[in-house]
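As a plain string of letters, each chain reads:
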Amino acid sequence: MKYRHIVLIVVLILVVDQALKFWIKTHMTIAEQFPVISDWFFIHFIENEGMAYGLKFGGEFGKIALTLFRLIAVVIGFFYMKKLVKEKYHNGLLVCGALILAGAAGNLIDSMFYGLIFSESTRYELAQFMPAGGGYGTFLHGNVVDMLYFPLFDGTLPSWVPFWGGEHFIFFRPVFNIADAAISVGVITILLFQKRFLHRNTDTENQPVGTTQQAV
């Protein structure tokens, strides 16, 4: 796999991620939702100020720190991916690295620019793109747009379940976006296949059997 393939994967994921977020921001109000597949897959619009899957980190200072960390991580990530390509690591690792890099970049764009280019989304008004009065925030203070909601189970747990028996329970509760999904898929796949992925394809490994030259 070549470095340009890594860049292509990142760009494709970013285009899909940002196109969906742009549509959500300009066509839905906060907490609005509609079903996609039956009652287990919804588009549900929320925004969060922090990490993936709606997690938060340290208030206003934490938000700026997280955005700057994402920026540094993305810049370093592109250089590191180039190094992995040169060292001929397994294509599976390179693809997973591209997914993680694309996900980090997707949420970074929200955090850096959405406060500048969109008006505030509320429960009653749609956000406007490039509003005349300016956006709802400043540089590095944008909210991340989430919309994918999969309540695979929504009901009451049986009474025999320890601790939570008889309580209302939803699985899977977090609302996330394509960038979050890309990061999760990349990380989980690396963990599952680390023995296969975390090695380099050396020239000797790529030579046909019997063609290794004898030392003179």
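What this report covers is the structure whose coordinates are included nearby.

## Regarding the pattern of salt bridges
Inspection of every chain in the model, using the stated rule, returns 4 salt bridges. In this structure, aspartate 110 and lysine 21 form a salt bridge, with 3.1 Å as the shortest nitrogen-oxygen distance. In this pair, aspartate 110 sits in helix 3 (residues 91–117) while lysine 21 sits in helix 1 (residues 3–27), placing the two residues 89 residues apart along the sequence. Comparing aspartate 110 with lysine 21 shows no difference in burial state: the two are buried.

## So, a nonpolar patch on the surface
The grouping of Trp23, Phe34, Val36, Ile37, Trp40, Leu152, Phe153, Phe169 and Phe171 at the surface amounts to a nonpolar patch, some 800 Å² of accessible area in total. Contributions of two or more residues to the nonpolar patch are made by strand 1 (33–37) and strand 5 (168–171). Top element by residues in the nonpolar patch is strand 1. It accounts for 3 residues. Here leucine 152 is to be found in the loop between strand 3 (144–149) and strand 4 (153–156).

## Points about the packing of aromatic side chains
By the definition in use, this model includes 13 aromatic pairs. Ring centres 5.7 Å apart and planes at 55° place the aromatic pair phenylalanine 118 and phenylalanine 129 in the tilted group. Residue phenylalanine 118 is located in the loop between helix 3 and strand 3, and its partner phenylalanine 129 is located in the loop between helix 3 and strand 3; the two are separated by 11 residues in the primary sequence. On the basis of relative accessible area, phenylalanine 118 is assigned to the buried category, the value being 0%. With relative accessibility at 42%, the residue phenylalanine 129 sits in the partly exposed group. Every member of this aromatic cluster is reached through a ring pair, and the members are Trp40, Phe41, Phe150, Phe172 and Phe176. One Lys or Arg, lysine 82, reaches over the ring of tyrosine 3 and ends 5.5 Å from the middle of that ring.

About the thresholds
- Along every chain, residues carry numbers that run from 1 in the direction the sequence is written.
- Residue-level local features of this predicted model are given only where pLDDT is at least 70; pairs of side-chain atoms are given and counted only at 80 or more, and the full residue set underlies all totals for whole chains, interfaces and linings.
- Water and hydrogen atoms were dropped before computing side-chain values, which therefore reflect all heavy atoms in the structure.
- Salt bridge, as applied in this entry: a Lys or Arg side-chain nitrogen positioned within 4 Å of an Asp or Glu carboxyl oxygen.
- By the criteria applied, helices consist of DSSP H or I runs no shorter than four residues and strands consist of E runs no shorter than two, each listed in order from the N terminus.
- Each residue gets one of three labels from its accessible area relative to the maximum for its type: buried under 20%, exposed over 50%, partly exposed in between, using a 1.4 Å probe on protein chains only.
- Distance thresholds for patches are 9 Å for like charges and 5 Å for nonpolar side chains (Val, Leu, Ile, Met, Phe, Trp, Tyr), applied to residues having over 30% relative accessible area and no salt bridge.
- Only the protein chains shown count as cover for residues, with accessible areas throughout obtained via the Shrake-Rupley method and a probe of 1.4 Å.
- Any Phe, Tyr or Trp ring, taking Trp's six-membered ring, that has another such ring centre within 6.5 Å forms a pair; planes under 30 degrees apart are called stacked, those over 60 apart edge-to-face, and the others tilted.
- By definition, being over a ring means that NZ of Lys or CZ of Arg is both within 6 Å of the ring centre and within 35 degrees of the ring normal.

These values are about where atoms sit, not about what they do.
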